[in-house]
Number of protein chains: 2
Amino acid sequence: MVVELISVGTELLLGNIVNTNMQFLSEKCAQAGVSVYYQVTVGDNPERMKETFQTALNRADIMLVTGGLGPTEDDLTKEICAQVMGLPLVEDAHTRARLEEFFQNNIYTEIPENNWKQALVPEGCQVLDNGNGMAPGLIIEKDGKTAILLPGPPNELYPLFTEQVLPYLASKQPEIICSQMVKICGYGESQVADKLADLIETQDNPTVAPYAKTGEVHVRVTAKAANEEEAKKMIKPLLKEIKNRFGMAIYSTKEEENLEDVVVRLLKKYELTVSTAESCTGGMLAARLVNVAGVSEVFREGFVTYSNKAKRKLLDVSKGTLKQYGAVSRQVAKEMASGCAFATDADVCVGITGIAGPDGGSEEKPVGLVYIGCCVKNKVSVEEYHFKGNREKIREQSVTKALDLLRRSILENYK
Amino acid sequence: MVVELISVGTELLLGNIVNTNMQFLSEKCAQAGVSVYYQVTVGDNPERMKETFQTALNRADIMLVTGGLGPTEDDLTKEICAQVMGLPLVEDAHTRARLEEFFQNNIYTEIPENNWKQALVPEGCQVLDNGNGMAPGLIIEKDGKTAILLPGPPNELYPLFTEQVLPYLASKQPEIICSQMVKICGYGESQVADKLADLIETQDNPTVAPYAKTGEVHVRVTAKAANEEEAKKMIKPLLKEIKNRFGMAIYSTKEEENLEDVVVRLLKKYELTVSTAESCTGGMLAARLVNVAGVSEVFREGFVTYSNKAKRKLLDVSKGTLKQYGAVSRQVAKEMASGCAFATDADVCVGITGIAGPDGGSEEKPVGLVYIGCCVKNKVSVEEYHFKGNREKIREQSVTKALDLLRRSILENYK
């Protein structure tokens, strides 16, 4: 079953707001096993709305429209939809009564006349009571096609969709969709695609698809089946195969778990504490760790040592090392990590030093050169990276690599 | 001139990510005086991409597509677009050279063969070098229609669009559009809209439009005119009026200047140094400051003191204060800021302590309660905030308010 999602509202076309409704509806539809082939946003313009609705009703089984159900002159979704589907608008006594009740409960001195238009519905449709606003949702079926019209404000849309539309969609579905996430760090998107080329190409159901994220790649395996159990059985061998090919580079197979969650989970599991000493990333690594609720068990303190003086004072990096090798060097990363361990007594410590640019690079030490040291059990290992991109991108990649280095160091030393 | 915006990516149709690109591009197009009638999102499916591209090229002057330019099998935007426009793909020597350089600088053991497809471009098109990724942007003109293809990742898309596509769009416009940004911190979106209601409603040219950002509101005044001088003359009285209404709450009127840029600019101007002591924000404030290139002149070190012990050890917050008032209190924020000043000798110091949630809140101290102290000239002022939203949102708002407090403290004490 195919649903086409349509948002109506000129404010979206002007970029005044981000269309979060689309993401919400798409995710829910995917979970319900309903395919979405197109998301379309159109302004409050009768001609373009008509064209959009006609196209959607032609190519999809269900057209789901949000927005344009309010009482103003601009709100035309219901009128245009009824016109396109060839249905007259009639007053719904139940909705009229709800509106009257609403106005009685909300001290209005006078009820704007145009509000009553919210009680008009396409003949024969199903009315979905809106608990958080005046415009009801509508399900309109005709000639094997369905239009679902819902209000745009998220606080009205979300409960209406979850409580009344999802059960309707499920009742129309023969198959369900199930998907499995695999999160990989340490390979580029094209490397992952290359290593999985055979699976990506040949697999139709389940499908295998890689998604690039900053410093990581997410691979999604998606199966359609009669029930969840069967879908999971179809996914299992593919998941095993992907695990074989990427091994330790897979940091999680959970949808909602990100890299810092895994690091904090491992730290808790092995009862370890962590501390950070950051130069070019300037606190971003600590901030990513603190993103995780409940991090206080494992993370107590961190240092941002942007100047050489701060590196010496807070981390006891030696003057000689700074002079001989420069602040961006393998040796300084090493001393930052071990100095951090000495200062904090944390079990695992990371030191990051690098050139984020745009200035400060040289032929010998170009912008993007970053050293990350990790101190575990009094041993420090240092990795050298060459990142591309602007200042922000270089810093973001540094943090992702530092988290991955933390993850691998914990597993290597404590597993 | 009408632009149709198209996003390509099955991950959008599955609801894996929110389509923030659409909002960015729509806002920029509106600002450039270009009309957007439709935003369409389509999956990585050749047939549906073809239909979408054909429709867009029929009904709009320019089709702007983001996503699907990567090296994987799924990335088909360029191929389908060339096919729809009837152009062969040819190798672009310049892009090939850039790819080779990229791989040389990034120690790859072998270059995946499919990467070279990123050097193929539709014959006769204009290639836009991508400073933050491998896939270049492309401008393809044929038979009075234009297709603009850009990579999907925001960190690649935004600079490419701003630096190379906007000037192209401007060159195609008969009238020029001139706009003036006013950045406001300290008022909510509805407060700003309320205070500017008369200007927003009555003004047709120039227009006045507010945009909500996390912790700030941006107001854009946009004029259409025959030339820049005339447009600026139209904007001037409105800008003056907005300045009158918001005064000190306006932190910048420059498009590219953000809050941390202003803070670093002021610190440099008055030859001041800054240091940070962060609890709930865990390094985010330091990281925002370090976002600014050249910050080393004014920022040398910062502390992430997540535990009470760290607050005591690094900032000398007194045990009694922590015990009597709790870690999230006006008194601890004050001692964090003054302790930071003592430890670092910086001229301006900020201390942040709060409850970011989801746990740790109580009736007396609910989630979202944040205290920010600012120490200047041995005097500490502390502000109390009650933020709404999830852990991340609360932390982001805290950092924005801390930067604004820094800005106002510097101006009040040194101007």
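See the structure above.
Let me begin by describing the structure that accompanies this report. The structure presented is a predicted model; accordingly, all values stated were derived computationally and were not measured.

This paragraph deals with the overall build of chain A. From N to C terminus, chain A includes 15 helices and 17 strands. Against the globule reference of 22 Å for 415 residues, chain A gives a C-alpha radius of gyration of 28 Å, more extended than a compact globule. The C-alpha extent of chain A, read off along each of the three principal axes, is 85 × 55 × 40 Å. Scored against the burial criterion, the 415 residues of chain A give a buried share of 54%. The long-range fraction of contacts in chain A, counting pairs at least 24 apart against all pairs at least 6 apart in sequence, stands at 66%. Between the centroid of the 47 positive side chains of chain A and the centroid of its 56 negative side chains there is a distance of 11 Å.

Turning to the sheet that holds strand β10 (residues 207–213) of chain B, a few remarks are in order. Residue and element names in this part refer to chain B. Strands sit in the order β10-β11-β9-β12 across an open sheet of four strands; the sheet is antiparallel. Lying at the two open borders of the sheet, with one neighbouring strand each, are β10 and β12 (250–252). Going from strand to strand, the sheet's axes swing by 35° on average, the running direction of each strand aside. As judged from the two bridges shared by strand β9 (residues 176–185) and β12, these two strands associate in the antiparallel manner. The partner of K183 across the bridge, within β12, is S252. Strands in contact with helix α9 (residues 228–246) are β9, β10, β11 (216–225) and β12; relative to β9, the strand with the most contacts, it is inclined by about 15°.

All right, on to the interface of chain A and chain B then. In this assembly, 75 residues from chain A lie in contact with 78 residues from chain B. Taken over both partners, the interface formed by chain A and chain B buries close to 5,900 Å², and the fraction arising from carbon and sulfur atoms is 53%. Linking chain A with chain B are four salt bridges. At the junction of chain A and chain B, the tally comes to 33 residue pairs in polar contact (both at pLDDT 80 or more). The class makeup of the residues in the side of chain A that touches chain B is 32 nonpolar, 26 polar and 17 charged.

Moving on, we get to the pairing of strand β7 (residues 137–142) of chain A. Where a strand is regular, its side chains alternate between the two sheet faces. Residue and element names in this part refer to chain A. In this sheet, β7 lies alongside strand β6 (residues 126–128) in antiparallel orientation, the contact comprising three bridges. Bridging across to β7, V127 finds its partner in L138. In sequence, β7 turns back onto strand β8 (residues 145–150) through a hairpin of two residues, with D143 there showing a positive phi of about 50°.

Next up on the list: the packing of helix α10 (residues 259–269) of chain A against helix α15 (residues 391–414) of chain A. Residues and elements named next belong to chain A. Packing of α10 against α15 brings their axes to within 9 Å, and their N-to-C directions diverge by 30°. Classified by the angle between their axes, α10 and α15 sit roughly parallel to one another. Considering only the axes of α10 and α15, their crossing is left-handed. Along the contact surface, α10 presents L259, E260, V262, V263, L266 and L267, while α15 presents T400, L403, D404, L406, R407, I410 and L411. Counted by class, the contact of α10 with α15 contains nine nonpolar, one polar and three charged residues.

Here we come to helix α3 (residues 46–59) of chain A. With 14 residues, α3 of chain A extends 20 Å between its outermost C-alpha atoms, agreeing within 8% with the 20 Å of an ideal straight helix rising 1.5 Å per residue. Looking at α3 of chain A, one finds that the buried residues are M49, T52, F53, A56 and L57 of chain A. Angular distribution of buried residues about the axis of α3 of chain A spans 125°; they occupy a single face of the element. Of the residues in α3 of chain A, the exposed ones pointing more than 90 degrees away from the buried face are E47 and N58 of chain A. Buried residues belonging to α3 of chain A abut β1 (2–8), β2 (35–42), β3 (62–66), α4 (77–85) and β8 of chain A together with β2 (35–42) of chain B. Regarding α3 of chain A, its N-cap is N45 of chain A, as a side-chain oxygen of that residue lies 3.2 Å from the backbone nitrogen of E47 of chain A further along.

A word on the packing of helix α12 (residues 308–315) of chain B against helix α14 (residues 330–344) of chain B. Axes are the key here: two packed helices are described by the angle between their axes and the distance separating the axes. Residue and element names in this part refer to chain B. Where α12 contacts α14, the two axes come as close as 9 Å, and the packing angle between them is 40°. Where α12 abuts α14, its residues K311, L314 and L315 lie against V332, E335, M336, G339, C340 and A343. Classifying every residue of the contact of α12 with α14 gives six nonpolar, one polar and two charged.

This part takes up the sheet that holds strand β16 (residues 369–376) of chain A. The strand order β17(A)-β16(A)-β15(A)-β13(A)-β14(A)-β14(B)-β13(B)-β15(B)-β16(B)-β17(B) describes an open sheet built from 10 strands, whose pairing is mixed. The sheet is open, and its two borders are formed by β17 (379–386) of chain A together with β17 (379–386) of chain B, each paired with just one other strand. Recorded for the sheet is a direction-independent mean angle of 15° between the axes of neighbouring strands. Looking at chain direction, strand β13 (residues 274–278) of chain B and strand β14 (residues 299–305) of chain B are connected through four bridges and run parallel.

On inspection of all chains with the given rule, the structure shows 12 aromatic pairs over all chains. Measuring from ring centre to ring centre gives 5.3 Å for Y385 of chain B and F387 of chain B, while their planes differ by 10°; the resulting arrangement is stacked. Connected via pairs of aromatic rings, a cluster forms that spans F24, Y158 and F161 of chain A. Against the face of F246 of chain A rests K195 of chain A, its NZ or CZ located 5.6 Å from the ring centre.

Quick look at the pattern of salt bridges now. Per the counting criterion, the structure on display carries 34 salt bridges over all chains. Here D198 of chain B makes a salt bridge to R245 of chain B, at a shortest N to O gap of 2.9 Å. Placement of D198 of chain B in helix α8 (residues 197–202) and of R245 of chain B in helix α9 is noted, with a sequence separation of 47 residues between them. Assessed through its relative accessible area of 38%, D198 of chain B is described here as partly exposed. The structure contains a network of salt bridges with shared partners spanning E4 and R59 of chain A together with E51 of chain B.

A few words now on the side chain of N115 of chain B. Structurally, the position occupied by N115 of chain B is in the loop between α5 (93–105) and β5 (120–122). Looking at N115 of chain B, the relative accessible area reads 0%, which means it is buried. Not counting residues up to four positions away in its chain, the partners in contact with N115 of chain B are S190 of chain A together with P71, L99, F103 and M134 of chain B.

Residues and elements named next belong to chain A. Note that V370 resides in strand β16. V370 gets classed as buried once you look at its relative accessible area, which sits at 0%. Counting along the chain gives 41 residues from V370 to S329, while the straight-line C-alpha distance between them is 8.2 Å.

Inspection of the secondary structure assignment puts G133 of chain B in the loop between β6 (126–128) and β7 (137–142). Overall, the relative accessible area of 23% leaves G133 of chain B in the partly exposed class.

Criteria and cut-off values
Residues numbered from 1 in each chain as written. Chains lettered and ligands numbered in written order. Predicted model: local features only at pLDDT ≥ 70, side-chain atom pairs only at ≥ 80, totals over all residues. Heavy atoms only, no water. Helix = DSSP H or I, 4+ residues; strand = E, 2+ residues; numbered from the N terminus. Rg over C-alpha atoms; globule rule 2.2 N^0.38 Å. Buried < 20%, exposed > 50% of the residue type's maximum accessible area, 1.4 Å probe, protein only. Contact = heavy atoms within 4.5 Å. Lys, Arg positive; Asp, Glu negative; His and termini not counted. Charge placed at Lys NZ, Arg CZ, Asp CG, Glu CD. Pairing = 2+ DSSP bridges. Axes fitted to C-alpha atoms, helices over the stretch in contact; angles between N-to-C directions. Buried area = accessible area lost by both parts, 1.4 Å probe. Salt bridge = Lys/Arg side-chain N within 4 Å of Asp/Glu carboxyl O. Polar contact = N/O pair within 3.5 Å; in protein donor to acceptor, adjacent residues only side chain to side chain. Nonpolar A, V, L, I, M, F, W, Y, C, P; charged D, E, K, R; others polar. Parallel < 35°, antiparallel > 145°, perpendicular 65-115°, else oblique. Left-handed = near helix turned anticlockwise from the far one by under 90°. Expected span 1.5 Å × (residues − 1). Arc of directions from axis to C-beta. Phe/Tyr/Trp six-rings, centres within 6.5 Å; stacked < 30°, edge-to-face > 60°. Lys NZ or Arg CZ within 6 Å of the ring centre and 35° of its normal.

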